[in-house]
Structures are given as C-alpha cells and as structure tokens.
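# Observations on the model geometry
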Amino acid sequence: MTASIAISGVRKSYVARGREVLALDRVDLDIAPGEFVAFVGPSGCGKSTLMNMIAGILPIEEGSILHDGQRVNGINRAVGYMTQQDAVLPWRTVEQNVALPLRFHGVNGAARTKRVAEMLDAVGLTGFGRSFPAELSGGMRKRVALAQLLAYEPRTLLMDEPFGALDAQLKLLMQEQLLRIWQAKRQTVVFVTHDLAEAITVAQRVVVFTGRPGQIKQIETVTLPAERDVFKVRFLPEFEAAYTRLWDALAPEIRRGEAA
Amino acid sequence: MSGAADEAAAIGGPVRTARVEAAEAAAGQRKLWIIVLRVLVGVGFLALWHHASGNWIDTMLISSPEAVGLRLWRWLIDGTLWNHLSITLYATAWGFGIGCIVGFSLGLLFGRYTLIAEVFDPYITAIYSIPKIALAPLFIIWFGIGIESKVAVSAAIVFFVIFLNTYSGVREVNPIYVHVTRIMGGGEADVLRHVIVPSAASWVITGLKVSVPYALVGTVIGEFMSSNRGIGFLINQATGLFNTTSVYAGIIVLAFVGAVINAALKHIEAYVLRWRG
C-alpha cells in the first residue's frame, strides 16, 4: 500500500539577517492512508514548517514530499487545511464560508445548499447559517472552519494547532467531534500540537521533533483503540505510559530551547 | 474567554426582559437629547451671527443670516441654484468616479505585484507630494475652460487618496486567508474576488469618505480659476463684486452638499462592513 504522505530527506533553511537558519533537517516519514498522526515538539522546531510544506505553501527545496503519489509542488489542492488562527472569512456569513470550497469544486445550486445544511448540522451549527463569524464565539468559529474543511471531502486533513486558542473543556468537545468525523470517514490526518495530552488523545501515532533544527526524535504508536472516548482515555494506563515515554523524549528538547 | 458564556452571549436570550426595555429606552432618550442639543447649537450660532452683523462687525464683511437665507431662497426659486449646482455636481461626480476607478485598479495591481510597487515607489511619492491644486492651471491649458478641466482636477486629487488606501488595504490582507482559499480550490480570480477586495474594503471606504470633500474642492478650485458656471464660479464672481451675501450662500450650498454625500457614504459603509458585528 502506498503512503498517503511520503516525506523523504526534507531539509529546510531560512536566510535571516545575514545568517542561514536551519529549520528542519533530514526528515523522513511515511504516513499511511487513513492514519491519524500528531506532530509534537518545542516551539520553533519546524513542525508547522513541515505541515506548510505538505500543504505546498512553502517551497520544498531539498528532499521530496509525495502526497497520494503526487509530488507536492506549489499549492496542494488535494488537502484540507485548518489553522490555529481563524481562517474563516469574516465578511462572509457562516453559510457562505462553508459554501466557498463547494463553489470552487463546481457544486452548485440545490446540491450546494443541501450540502451546506448537512455540514452545519454535523457540527451543531444549524440556525447560525446567516450569522457573521464576528457574531459567534471562538468555539463556534472553529466549528465553522471544521464544516468548511469537511464540506468538499479532502482525503487528507492538515491541522495546525487547530484548537490551540480554546479553553480546556471546549478543546475536549472539539477533539471528540473531530474523532467522530474521522472514525466515520477515515481521512489521513496530520495534527500539529504542542499539547502532549491532546496528541495522545486524538492520534494513532505521535511524532516527537527535536528543537531547532527539527529532526524526528521519536515515534510513539498509541496503543489505545481508534474508537476511544476523549473524556476518559486520559485515565487509562496505556495513556499514562505513552505520556511518560513522550514526555521523557520531549522534556530535554524543551529545556534545551529554554537554555538557548 | 469562557466558551459557554461566550456562546450564550452570541446566541442571545429570546426574552425581552424589563431590563432590555429600560436599556433601549435610555439609549433612545440619549439620541433625542443629542438631536435637541445639535439644533440648539445651530440656532445659537445663527443668533450670534445675526447679533454680530451690524453691531460688532460691518455687515459688508459678514452679511447676515436672514440676507443669506433670502438669497438662497431666491436662487432656489429662479433656478440659479440648480443651474450652477448641477454643473458642479456633474464635474465632481465624474472626477470622483474616474479617480476612484483608476486609483482602485492601480492600488490592486501595486498591492499584488510588489515588484511594480518597489520600482514606481519614488515616482509615486514625488507626484504625491505635488499639491494637486498646482496642476489646475495645467489642466486648464490641456482641457480648456469647460467641465473637462474640473473633472481632471478632482480626479487627480481623488486618485491618490483611493490609490494609496487600496494599496495599503491589499498589503494588509492576512496571508492565511489567501493560502486557505487557494488550498480549498480557489484560483487567482477567486482570491481577488473573495479575499483581497473584501479585505481591502474598509480601507477603500475610508478613502472614499476622505476623498468626497477633496473631489468637491478640486471642482470648485477649477471653477475659481476659469469657468462660466458652477458654484465655484458663483462664489468667485460674488467675491469680485464684494457681494458677501452670495459668497456665504455659495459656501453654505457646498457645505450642505458635502454633508449629504458623506451621510450617504456612511450608510454604504454600514452595509458593506456589516460583518464587523
């Protein structure tokens, strides 16, 4: 079976203030179709950089990334992308935002209206279709982004700290909703987070990055079942064991970053 | 930020409690008071003017509110007002329209293609520093003393305001919106239509509001220099005859027109930027 995302020999450096800064070095990773993978690491480790390279926002200068067998070169329209920042367009209503990708994919008229209503129902936003994002709470805006992301059914979802700005309880609710959707559709998901507990709660594999330059330090396979209860998994012994191992890998990297 | 409280606030209670009624009544009362006070300020000013005229200051210099009012009324009745106002409005509208379209298009172009912006930057800055009024005599040579030269002056002034505002607006667009829109399948035209233009809209509208009085200034300056019709001509002619009553009447017409156009733009702004919540 070919990988959904095949990353090989990726290296990325920036030139800033007359110095070359190495952001990522020798990254190799295969992500299987339908797999849910989380990236964790200290801030500045290049995990978001890697995600932006998979999305085609940043050019890949050394190494290669294949997505569904296609070499990523320029904006990757076969993925869905969700950011920590609100990226729903504030000047469009909830409905218009969810309808936008459908419009780009040639879904028109009644089919589009129906699909938008279905998506709003799926994320629990029925009745808010005509509201503008500024009229909604932070959690509701995240659900609009989720509805928009899922509306056109991309096979791969890239999520860059999507729930980072939410409070702890709301975060759990969003994780639960995301897992339910993933269990039904089994998209490939790459989920960047700095929250170790969140990574173990949602993912099947957790990839730990070293501090800059980012390299893969450890990959932990989470032994929890795919069908899991986000509210209860944290009390299971497997969770605790995974957390301890990942923390042992991550802590020195964070300390190293703080000392530098 | 607490999620649950936030959601409740966003949803809003369906019940109109006594507290809601009281808050709305207080807000209504305040609005009424403001209107009353505004009228009082206006009446006070007229009374002061009336009293000053002849008592403190020579009527020759400041005329009097009743004389100016009478003059305006006569102009309205005998068609003088419309005859001159129409030509001023016509020139202003054309100047405003041309300045806006050209300024907006070039602002988009420069905002999207930084190379062009960097190459032209020193020239734009140089031209921008010229007081556009200084171009008025040149425009009269080029376009004659007809309406075209007035259109040119106001277009030149409006162009820069709209151009610079559009340019800044486009530069300010959050790149995340552009990336996400492209990833979900949008092409360049879609990005322009759904992201760049709406995002720059608040800057453009600010530019429009600022440039309406400028457009009027441009036209009137052109009319001052050489013309045979228009409110600027009327004021200029009256000044030559030391007819201060007509000068004030002309100025009041211009102030009124500016206020009406600005009020209209405020409504447009409220609609276009309604998403700001």
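Predicted model only: the values in this text are computed from it and were never measured. (Residues numbered from 1 in each chain as written. Chains lettered and ligands numbered in written order. Predicted model: local features only at pLDDT ≥ 70, side-chain atom pairs only at ≥ 80, totals over all residues. Heavy atoms only, no water.)

## Concerning the overall build of chain B
Helix and strand counts for chain B come out as 12 helices and 0 strands. For chain B, the N- to C-terminal ordering of α and β elements is α-α-α-α-α-α-α-α-α-α-α-α. Referenced to the eigenvectors of the C-alpha coordinate spread, the extents of chain B come out at roughly 70 × 60 × 30 Å. Burial analysis of chain B (277 residues in total) assigns 39% to the buried set. Of the accessible surface of chain B, which amounts to about 15800 Å², a share of 70% is contributed by carbon and sulfur atoms. A distance of 3 Å separates the average location of the 18 positive side-chain charges in chain B from that of its 15 negative side-chain charges. (Helix = DSSP H or I, 4+ residues; strand = E, 2+ residues; numbered from the N terminus. Buried < 20%, exposed > 50% of the residue type's maximum accessible area, 1.4 Å probe, protein only. Areas by Shrake-Rupley, 256 points an atom, 1.4 Å probe, with all protein chains shown as cover. Lys, Arg positive; Asp, Glu negative; His and termini not counted. Charge placed at Lys NZ, Arg CZ, Asp CG, Glu CD.)

## Overview of the pattern of salt bridges
Residue and element names in this part refer to chain A. With the rule as written, the count across this model stands at 21 salt bridges over all chains. Where Glu35 meets Arg205, a salt bridge forms, and the shortest distance between an N and an O atom there is 2.4 Å. With a gap of 170 residues between them, Glu35 in the loop between strand 2 (19-31) and strand 3 (36-40) and Arg205 in strand 9 (residues 205-209) connect regions that are remote in the sequence. Taken together, the shared-partner salt bridges connect Lys114, Arg115, Glu118, Glu153 and Lys185 into one network. (Salt bridge = Lys/Arg side-chain N within 4 Å of Asp/Glu carboxyl O.)

## Observations concerning the sheet that holds strand 5 (residues 70-71) of chain A
Residue and element names in this part refer to chain A. Pairing in this open sheet of 4 strands is antiparallel, and the strands run 2-1-4-5 from one edge to the other. Of all strands in the sheet, those bounded by a partner on one side alone are strand 2 and strand 5. Both strand 1 (residues 5-16) and strand 4 (residues 62-67) contribute to a ladder of 5 bridges, which runs antiparallel. Looking across to strand 4, one finds that Ile7 is bridged to Ile65. Sheet strands touched by helix 1 (residues 47-54): strand 1, strand 2 and strand 4. Its angle to strand 1, the strand with the most contacts, is close to 115°. (Pairing = 2+ DSSP bridges. Contact = heavy atoms within 4.5 Å. Axes fitted to C-alpha atoms, helices over the stretch in contact; angles between N-to-C directions.)

## Re the nonpolar core
Core analysis: the largest hydrophobic core is formed by 111 residues, its most contacted members being Ile7(A), Phe36(A), Phe39(A), Leu50(A), Ile65(A), Leu146(A) and Met159(A). In terms of residue count, helix 10 (residues 188-225) of chain B provides more of this core than any other element does, 10 residues in total. If near-sequence neighbours (up to four positions away) are discounted, Leu146(A) is found in contact with Met82(A), Val123(A), Met159(A), Met174(A), Gln177(A), Leu178(A) and Ile181(A). With 18 residues, the next largest nonpolar core counts Leu85(B), Ile231(B), Ile235(B) and Ala238(B) among its residues. (Core = buried A, V, L, I, M, F, W, Y, C linked by side-chain atoms within 4.5 Å.)

## Some thoughts on the sheet that holds strand 8 (residues 188-192) of chain A
All names here are of chain A. Taken in spatial order, the 6 strands make up an open sheet running 6-7-8-3-9-10, and their pairing is mixed. In this open sheet, the two strands that pair with only one neighbour each are strand 6 (79-82) and strand 10 (216-221). When strand polarity is set aside, the average angle formed by the axes of neighbouring strands in this sheet is 15°. Sheet strands touched by helix 5 (residues 168-185): strand 3, strand 7 (156-160) and strand 8. Its angle to strand 3, the strand with the most contacts, is close to 140°.

## So, the interface of chain A and chain B
Taken residue by residue, the interface counts 35 residues in chain A and 29 residues in chain B. Roughly 2800 Å² is buried in total at the junction of chain A and chain B, and carbon and sulfur atoms are behind 67% of that figure. It is Arg77(A), Trp91(A) and Phe104(A) that lose the most area in chain A upon contact with chain B, and together they represent 25% of the buried surface on that side. Put simply, chain A and chain B have 0 salt bridges between them. For the pair chain A and chain B, the interface holds 5 residue pairs in polar contact (both at pLDDT 80 or more). Those elements that place two or more of their residues in the side of chain A that touches chain B are strand 6, helix 2 (94-104) and helix 4 (138-151) of chain A. The residue makeup of the side of chain A that touches chain B, split by class, is 21 nonpolar, 7 polar and 7 charged. (Buried area = accessible area lost by both parts, 1.4 Å probe. Polar contact = N/O pair within 3.5 Å; in protein donor to acceptor, adjacent residues only side chain to side chain. Nonpolar A, V, L, I, M, F, W, Y, C, P; charged D, E, K, R; others polar.)

## Topic: the domain arrangement of chain B
All names here are of chain B. Annotation of chain B at the domain level lists domain 1 (15-62) and domain 2 (63-276). Placing a centre on the C-alpha atoms of domain 1 and another on those of domain 2 gives a separation of 30 Å. Each partner contributes to the interface: domain 1 provides 8 residues, whereas domain 2 provides 8 residues. For the domain 1 and domain 2 pair, buried surface summed over both sides reaches about 680 Å², with 61% attributable to carbon and sulfur atoms. Connecting domain 1 to domain 2 are 0 salt bridges. Run the count over domain 1 and domain 2 and you get 6 residue pairs in polar contact (both at pLDDT 80 or more). (Domains from an automatic or database assignment.)

## What to know about the domain arrangement of chain A
Residue and element names in this part refer to chain A. Split by domain assignment, chain A resolves into domain 1 (5-78 + 155-259) and domain 2 (86-153). Computed over C-alpha atoms only, the centres of domain 1 and domain 2 are separated by 26 Å. Residue-level contacts link 12 residues of domain 1 with 11 residues of domain 2. The junction of domain 1 with domain 2 conceals about 980 Å² of combined surface from both sides, 69% of it contributed by carbon and sulfur atoms. Together, Met174, Gln177 and Ile181 form the three largest contributors to the area buried by domain 1 at its contact with domain 2, with a combined 37%. Here domain 1 is connected to domain 2 by 1 salt bridge. Of the charged contacts, one joins Glu153 and Lys185 as a salt bridge, the two residues approaching to 3.0 Å between their closest N and O atoms. The tally of links between domain 1 and domain 2 comes to 3 residue pairs in polar contact (both at pLDDT 80 or more). The element that contributes the greatest number of residues to the side of domain 1 that touches domain 2 is helix 5, accounting for 6 residues.

## Observations concerning the pairing of strand 7 of chain A
Residue and element names in this part refer to chain A. Along strand 7, 5 of the 5 residues are buried, which leaves the element largely enclosed by surrounding structure. Side chains Thr156, Leu158 and Asp160 project from strand 7 onto one buried face, and the interleaved Leu157 and Met159 project onto a second face that is buried too. Across 5 bridges, the pairing between strand 7 and strand 8 is parallel. When the bridges of strand 8 are listed, Asp160 appears paired with Val192.

## Considering the packing of aromatic side chains
Any aromatic ring pair is given by two values, namely how distant the centres are and how the planes are angled relative to each other. Across all of its chains, the model carries 18 aromatic pairs over all chains by this definition. Measuring from centroid to centroid gives 5.6 Å for Trp91(A) and Trp275(B), while their planes differ by 70°, and the two rings are edge-to-face. Within this pair, whereas Trp91(A) is found in the loop between strand 6 and helix 2, its partner Trp275(B) is found in the segment after helix 12 (244-272), the two belonging to separate chains. Using a relative accessible area of 12% as the deciding quantity, one classes Trp91(A) as buried. Arranged with centres 5.2 Å apart and planes meeting at 85°, the rings of Phe110(B) and Phe163(B) form a pair that is edge-to-face. (Phe/Tyr/Trp six-rings, centres within 6.5 Å; stacked < 30°, edge-to-face > 60°.)

## A look at the packing of helix 8 (residues 147-171) of chain B against helix 10 of chain B
Residues and elements named next belong to chain B. Their axes nearest at 7 Å, the elements helix 8 and helix 10 cross at an angle of 160°. On the basis of the axis angle, helix 8 is roughly antiparallel to helix 10. In terms of crossing hand, the pair formed by helix 8 and helix 10 is right-handed. Split into classes, the residues belonging to the contact of helix 8 with helix 10 amount to 14 nonpolar, 10 polar and 2 charged. (Parallel < 35°, antiparallel > 145°, perpendicular 65-115°, else oblique. Left-handed = near helix turned anticlockwise from the far one by under 90°.)

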